[in-house]
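# An overview of the molecular structure
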Amino acid sequence: MFAFHAISELSGGKLDGIHLLWSPPFPTGHALEGFTIERRVAERPDGSHCFSLAPADLDRARRLGVLPLPDATVWATPNNQVEPLKGSWTFRCDLVRRRDTVDIAASQGIAAFAARADGKVVAARTFSGGACRLAAADIATVWFVLKTIDAPVRICGDLRDKVVWDGAKTIVSGLQMPFRAVNPSLASVNDEHQQAIAQATPEDIDGAFDDLSRYANAALRRPFANAAWRVSVNDPTADASGWDTLPFGLVTALSASSPLRRGLGLGFIDRFDLTPGEAYDYRIRGKVPRADRDEQRVDFHTAPRGYALPSRFALGEVVLHVTPAPIVEADAAASDTLTALRKLIRFKRIRASLPTPTTRVVLDGRSEGPLDILGLRSSLPVASLSAALGQRTLVEFSTPVDEIILKGDGALAGLVARPLGPGLDPKEPVEITAAVYGLVFAPGAPPPPPTGIDVENLGSSARASRRGQRDDHLGFEIAWDPPSTADPSALALWPADAQSAPPTEVAGYVLERAVGAGPFEGLQGSDGLHFGARNSDPAVDFH
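Here's a quick rundown of the structure.

The rules we used
Residues numbered from 1 in each chain as written. Predicted model: local features only at pLDDT ≥ 70, side-chain atom pairs only at ≥ 80, totals over all residues. Heavy atoms only, no water. Helix = DSSP H or I, 4+ residues; strand = E, 2+ residues; numbered from the N terminus. Rg over C-alpha atoms; globule rule 2.2 N^0.38 Å. Buried < 20%, exposed > 50% of the residue type's maximum accessible area, 1.4 Å probe, protein only. Contact = heavy atoms within 4.5 Å. Areas by Shrake-Rupley, 256 points an atom, 1.4 Å probe, with all protein chains shown as cover. Lys, Arg positive; Asp, Glu negative; His and termini not counted. Charge placed at Lys NZ, Arg CZ, Asp CG, Glu CD. Core = buried A, V, L, I, M, F, W, Y, C linked by side-chain atoms within 4.5 Å. Phe/Tyr/Trp six-rings, centres within 6.5 Å; stacked < 30°, edge-to-face > 60°. Pairing = 2+ DSSP bridges. Disulfide = S-S within 2.5 Å.

### A closer look at the overall build of the protein
Looking only at helices and strands, the protein has 8 helices and 30 strands in total. Taken against the 2.2 N^0.38 rule, which gives 24 Å for 543 residues, the C-alpha radius of gyration of the protein at 26 Å falls within 12% of a compact globule. Its C-alpha atoms put the protein at 70 × 65 × 65 Å along the principal axes. Buried residues in the protein amount to 45% of all 543 residues. Intrachain contacts of the protein at a sequence separation of at least 6 include 70% that bridge at least 24 residues. Entry remark: accessible area of the protein is about 27100 Å², with carbon and sulfur atoms responsible for 52%. Within the protein, one finds 56 positive and 65 negative side-chain charges whose respective centroids are separated by 5 Å.

The structure is reproduced here in structure tokens:
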């Protein structure tokens, strides 16, 4: 649900300590009671778990394309599309259990890669002596490239199963985002601002807080089970007031700045009784509604109002057939204030093909009275009932179905194909955790700079040809590639299905300009600081 990282700083300055940073938990956007962080002296893993892929397993994955196993689902892709059997092959393993270290032994190995569950690649290494170690937090997927499949592959991951950390010290508790929507002790924008300033110490937060407060509170006051990231708002103060805005992304983008990250409750500096040269483990804990942790909801909130969908389309893993062909609209008209918009589609008849047979489906919508609901299995009717749609309508069948048909005047806002089990409260607070291990409190090395920079006149003919249009503005386009932490020789074997650019440890760059023979300085008296992000391609909800 969220990522957790740590960086050591030991230079004799006011920022000395171990800097802890994390992403907001998806989809909630915050921890209900704030975050608690624990620290202990680093401990070795509790053990390791290994599984092997024999040449016969690799050949079966190569012939079938996919091979389900108890420890992982293995996918095979040829790197030579013309003569697949004469080139290397890339094998992808979606692990059943997350790991922080994965060791791969393969005498025919060339390179290996690791990614988190969100698809972002976090490690890329080449094999040395038939072995490769991938170390990163929360590894969910590994790829390995083999010259041939004539030798077995052994994959081992560390085990860290202890629920209770013996001797751990709580260094902070109840660390919350500084907004009224989630912190009722704050009564005004000024209260929010002062809370953010206190959390950002020892650095300052500059600038007005009003717009940040408006956007954050609008997103965090989300309809239940809607992702904070997907809350769309109509902003009457914006130049394009008729457009949808996703405010939470605008808020969290500021977390690239270290004082703002801490001010937003997404970072903390541990400066308590640290010993130089000592290694530490950290764990962060918080609570979110059970439905946010254990269910996966699909909805229409990333589609703009007025977007015309075809009669048949995929919404995540669910395929919908809708009559008449739907148009995405807002549940209620936008007002003259910042308004959260609940997106939905209207229907007379809708048919939903589910990813797996089930007896339970959760629907979010509304209807003019009860709808006729029919459950099908292998296209044959096996169950029927009637129900009116609300914001969380649980539809239960007496026998598993793989399709459902809804008939009547209704509107659909979202769907959960694998809902919680019977008797579980979707709003019950449940714990989420993440950990980092073995971080040494020591001076850190500065990251390498970009290896090159490209500067191009905005009005150049080459740029116009590349973009397919002229640019009549005066100025220059400046571009550079971020320095990668991946082994350079591994980049040529980058997995075709990896959903991110190569990993980098650099988020901020200082860009300076010199006029004539003058000194280099930031543009227009600024500090020249620019932030970048290694974003994955946006998820495709409709196709």
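### Focus: the nonpolar core
In this structure, Ile18, Leu20, Trp22, Ile37 and Tyr282 are the most contacted members of the largest nonpolar core, which totals 46 residues. No other element matches the 6 residues that helix α3 (residues 210–220) contributes to this core.

### A closer look at the packing of aromatic side chains
Counted under the stated rule, the structure contains 12 aromatic pairs. An angle of 65° between the planes, with centres 5.7 Å apart, marks the rings of Trp22 and Phe35 as edge-to-face. Of this pair, Trp22 sits in strand β2 (residues 17–22) while Phe35 sits in strand β3 (residues 35–41), placing them 13 residues apart in sequence. Between Phe91 and Phe144, the ring centres sit 5.7 Å apart and the planes meet at 20°, which makes this aromatic pair stacked. Of the two residues, Phe91 sits in strand β7 (residues 89–106) while Phe144 sits in strand β10 (residues 131–146), which places them 53 residues apart along the sequence. The exposure classification of Phe91 matches that of Phe144, with both residues buried. An aromatic cluster of at least three residues, connected via ring pairs, comprises Phe2, Phe4, Trp22 and Phe35.

### Details of the pairing of β2
The two faces of the sheet receive side chains in turn, since in a regular strand these alternate between them. With 6 of 6 residues buried, β2 lies mostly within the body of the structure. As judged from the 6 bridges shared by strand β1 (residues 4–9) and β2, these two strands associate in the antiparallel manner. Pairing of Phe4 across the sheet is with Trp22, part of β2. Bridge count between β2 and strand β15 (residues 267–270): 4 bridges; the pairing is antiparallel.

### Overview of the state of the cysteines
Across all of its chains, the model carries 1 disulfide by this definition. Across the disulfide, Cys50 is cross-linked to Cys156 (sulfur-sulfur distance 2.0 Å). Taking the torsion about the S-S bond as the criterion, the Cys50 to Cys156 disulfide, at about 110°, is right-handed. Placement of Cys50 in strand β4 (residues 47–53) and of Cys156 in strand β11 (residues 153–159) is noted, with a sequence separation of 106 residues between them. Unpaired in terms of disulfides, Cys93 finds its nearest cysteine sulfur in Cys156, a separation of 12 Å. Cys132 forms no disulfide, and the closest cysteine sulfur to it belongs to Cys93, at a distance of 13 Å.

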